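# Structural overview for review
So the chains spell out like this:
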Amino acid sequence: NIPIMYATNVLGGLLFFLPVLALYFEKELFTATNVAIIFAVEAFAGVIFEIPTGAIADLFGRRKTIIMAQVLALCALIFLYIGGSMEMFVLYAILNSFARSLMSGTNNAIIYDSLQEEGNELYYKKIIGVYEALWPLGASIGSIVGGYLAKSSLQLTVTATFIPITIALFLAFFLKEPSYKKEGHRNVLRHMINSSKVIIHNKQLLVIAFVFCVMMSFGEFPHFLSPLLLEFKEISIEYFGWITALTFGFSSLGFYFSHDISEKIGNKNTLILAAALSPIFVLVATLLSGIQFVFFWTSASIYFGIKNPIISHLINLEVNSSKRATVISINNFIGQLGVSATMPFLGYFAELYTIQTAVQLSAAILLVVPFILLFLEDKK
């Protein structure tokens, strides 16, 4: 299963429209607020789908859930290609969010359960770091190619994306269902409630959930609307792909080296350091221009990459296999809830002032995260 998951994650990152998605929306929807609304709809849909899809993966199987996610990703891409109106983009956002929710938690669970089946679960943090490094690696390649395609047509970037998404769907059929402890029922609501209780009665999971919520609420805005900031900095569109590729490339390095760094200085210390440096680099970038801006803006993502495998590892230490995907999904649900609440506000703030000011505000708020992490237990 691991090689197939690796391959599908690379292919999943080959979204050639990524460096220009905000511009693609803005071309049809005209304002930054409307663009932010689309991203907010996607986040809100994630709020609705996140926990039930985790329960589906736990109760009905990891393999079926991943196949369903790939099918929905392909359907979402069709609506993105049609575009032309708020309605089409909203349908894209909802279906894409549904697909991502089905994968969220399920991918971590199938990897952990596959390793546990072989008695190799101690390697999870290393394996998940490599796995999560592969998506931004694919996104880096896709962004470079997409930047050149965008010079001809923004829609061409969407058309080209059908190729890797279709291949990823084909590969998903070769996955094997790992053995794991299942509940003796298939009541999704009951499973969601029981999994929620696991988090409520666990201080470690509560701290992680709160931290993840803040990071998502104010960390996703600069990521989603980065093309608008690049435009504000008067950077030519032909360089958007390279800059986006650098961003994903640095995050890929972060994912890859997360295990090694955390083994040397500890999970908690690594999280605190990464959570502090990421917004600092973003703030410094907004004060600069040209190549200096590009360096600080893109390299900030290495700290994003460092954080995620550690958070995933710490969650897995607290839950058993029967509720694994659902607990991870609940954590992601809390993050998506934060994004849906803050994205329209930050989009409006960007119009009221500038996109740069809005990014500075979001980065400044993220500086509270290292202090929240002090309440985390440093477990291995």
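Notes on the structure follow. (Residues numbered from 1 in each chain as written. Predicted model: local features only at pLDDT ≥ 70, side-chain atom pairs only at ≥ 80, totals over all residues. Heavy atoms only, no water.)

## Some thoughts on the overall build of the chain
Convention followed: A run of H or I in DSSP becomes a helix once it reaches four residues, and a run of E becomes a strand once it reaches two; helices and strands are each numbered from the N terminus. Note on method: radius of gyration uses C-alpha positions; expected globular size equals 2.2 Å times residues raised to 0.38. Relative accessibility under 20% of the residue-type maximum defines a buried residue, over 50% an exposed one, and the middle range a partly exposed one, all with a 1.4 Å probe and only protein chains included. Should any heavy atoms of two residues lie within 4.5 Å, those residues are counted as being in contact. Per-residue and other accessible areas were derived by the Shrake-Rupley procedure at a 1.4 Å probe size, with only the shown protein chains allowed to occlude residues. For the purpose of charge, His is not counted, nor are the chain termini; Lys and Arg are scored as positive and Asp and Glu as negative. For the purpose of locating charges, the reference atoms are NZ of Lys, CZ of Arg, CG of Asp and CD of Glu.
The helix and strand inventory of the chain stands at 18 helices and zero strands. Its C-alpha radius of gyration of 19 Å places the chain within 12% of the 21 Å reference for a compact globule of 380 residues. The dimensions of the chain, computed from C-alpha atoms along their principal axes, are 55 × 45 × 30 Å. Here the chain, with 380 residues, has 59% of them falling under the buried criterion. Across the chain, contacts joining residues at least 24 apart in sequence account for 87% of those joining residues at least 6 apart. Split by element, the accessible area of the chain, about 15400 Å² in all, is 69% carbon and sulfur. Charge separation in the chain, taken as the distance between the mean sites of 23 positive and 23 negative side-chain charges, equals 8 Å.

## Details of the packing of aromatic side chains
Spelled out, the test is: Any two rings among Phe, Tyr and Trp, with Trp reduced to its six-membered ring, count as a pair given centres within 6.5 Å; such a pair is stacked if its planes are under 30 degrees apart, edge-to-face if over 60, and tilted if neither.
For the coordinates displayed, the defined rule picks out 17 aromatic pairs. For the ring pair Phe 25 and Phe 89, a centre distance of 4.8 Å and an interplane angle of 70° mean the geometry is edge-to-face. Placement of the pair is Phe 25 in helix α2 (residues 21-29) and Phe 89 in helix α5 (residues 86-103), with a sequence separation of 64 residues. On the basis of relative accessibility, which here comes to 0%, the residue Phe 25 falls in the buried class. Centre to centre, the rings of Tyr 112 and Tyr 124 are 5.1 Å apart; their planes meet at 70°, and the pair counts as edge-to-face. In this pair, Tyr 112 sits in helix α6 (residues 106-117) while Tyr 124 sits in helix α7 (residues 124-152), placing the two residues twelve residues apart along the sequence. Since its relative accessible area comes to 12%, Tyr 112 is described here as buried. Residue Tyr 124 is classed as buried on the basis of its relative accessible area of 1%.

## Thoughts on the environment of Pro 370
Here Pro 370 shows up in helix α18 (residues 369-372). A C-alpha to C-alpha distance of 9.5 Å links Pro 370 and Asn 269, two positions 101 residues apart in sequence. Those residues in contact with Pro 370 that lie beyond four places of it in its chain are Ile 272, Ala 275 and Ala 276.

## Re the nonpolar core
How we decide: The nonpolar core is taken to be a set of buried Ala, Val, Leu, Ile, Met, Phe, Trp, Tyr and Cys residues, with the residues joined through side-chain atoms within 4.5 Å.
Grouped together as the largest cluster of nonpolar side chains are 109 residues, with contacts concentrated most on Phe 25, Leu 80, Ile 111, Phe 221 and Met 343. With eleven residues, the single largest contributor to this core is helix α10 (residues 203-224). Counting five residues, the second largest nonpolar core, distinct from the first, contains Leu 11, Leu 14, Phe 16 and Ala 168.

## A word on the packing of helix α13 (residues 267-286) against helix α15 (residues 301-318)
The condition that has to hold: Angular values range over 0 to 180 degrees, each being the angle between N-to-C directions of two axes fitted as lines to C-alpha atoms, with helices fitted over their stretch in contact. Crossing chirality is assigned from the near helix's rotation relative to the far helix, an anticlockwise turn below a right angle marking it left-handed and a clockwise turn marking it right-handed. Each residue is assigned to one of three groups, with Ala, Val, Leu, Ile, Met, Phe, Trp, Tyr, Cys and Pro labelled nonpolar, Asp, Glu, Lys and Arg labelled charged, and all others, Gly among them, labelled polar.
In the contact formed by α13 and α15, the axes pass within 9 Å of each other and the chain directions differ by 145°. For the crossing formed where α13 meets α15, the hand is left-handed. On the side of α13, the interface is formed by Asn 267, Thr 270, Leu 271, Ala 274, Ala 275, Leu 277, Ser 278 and Phe 281, while α15 contributes Tyr 303, Ile 306, Lys 307, Ile 310, Ile 311, His 313 and Leu 314. Looking at the contact of α13 with α15, its residues break down into ten nonpolar, four polar and one charged.

## Topic: empty space enclosed by the protein
How we decide: A pocket, in this scheme, is an open set of points on a 1 Å grid over the protein atoms alone with protein on both sides within 12 Å along at least 5 of 7 lines, while a cavity is a set where a 1.4 Å probe fits but cannot get out; residues line either one if an atom lies within 4 Å of a point. Grid points are joined across faces, edges and corners, and a volume is the space filled by probe spheres set on the points.
Within the structure shown, the criterion is met by three cavities of 30 Å³ or more. Put simply, the parts of the chain that give the lining of the second largest cavity at least two residues each are α3 (32-60), α10 and α16 (324-352). A per-class count over the lining of the second largest cavity returns five nonpolar, one polar and three charged.

## So, unusual backbone geometry
In this structure, Glu 234 is a non-glycine residue whose phi angle is positive, near 60°. Locating Glu 234 in the fold gives a position in the loop between α11 (226-232) and α12 (240-265).

## Observations regarding a nonpolar patch on the surface
Convention followed: For patch building, the residue pool is restricted to those with more than 30% relative accessible area and no salt bridge; the joining distance is 9 Å between like charges and 5 Å between nonpolar side chains (Val, Leu, Ile, Met, Phe, Trp, Tyr). We define a salt bridge as a contact between a side-chain nitrogen of Lys or Arg and a carboxyl oxygen of Asp or Glu at a distance within 4 Å.
Where nonpolar side chains cluster on the molecular surface, the patch consists of Leu 253, Tyr 256, Phe 257, Ile 261, Ile 265 and Leu 273 and spans about 500 Å² of accessible area. Assignment of secondary structure puts Phe 257 in helix α12. For Phe 257, a relative accessible area of 39% puts it in the partly exposed group.

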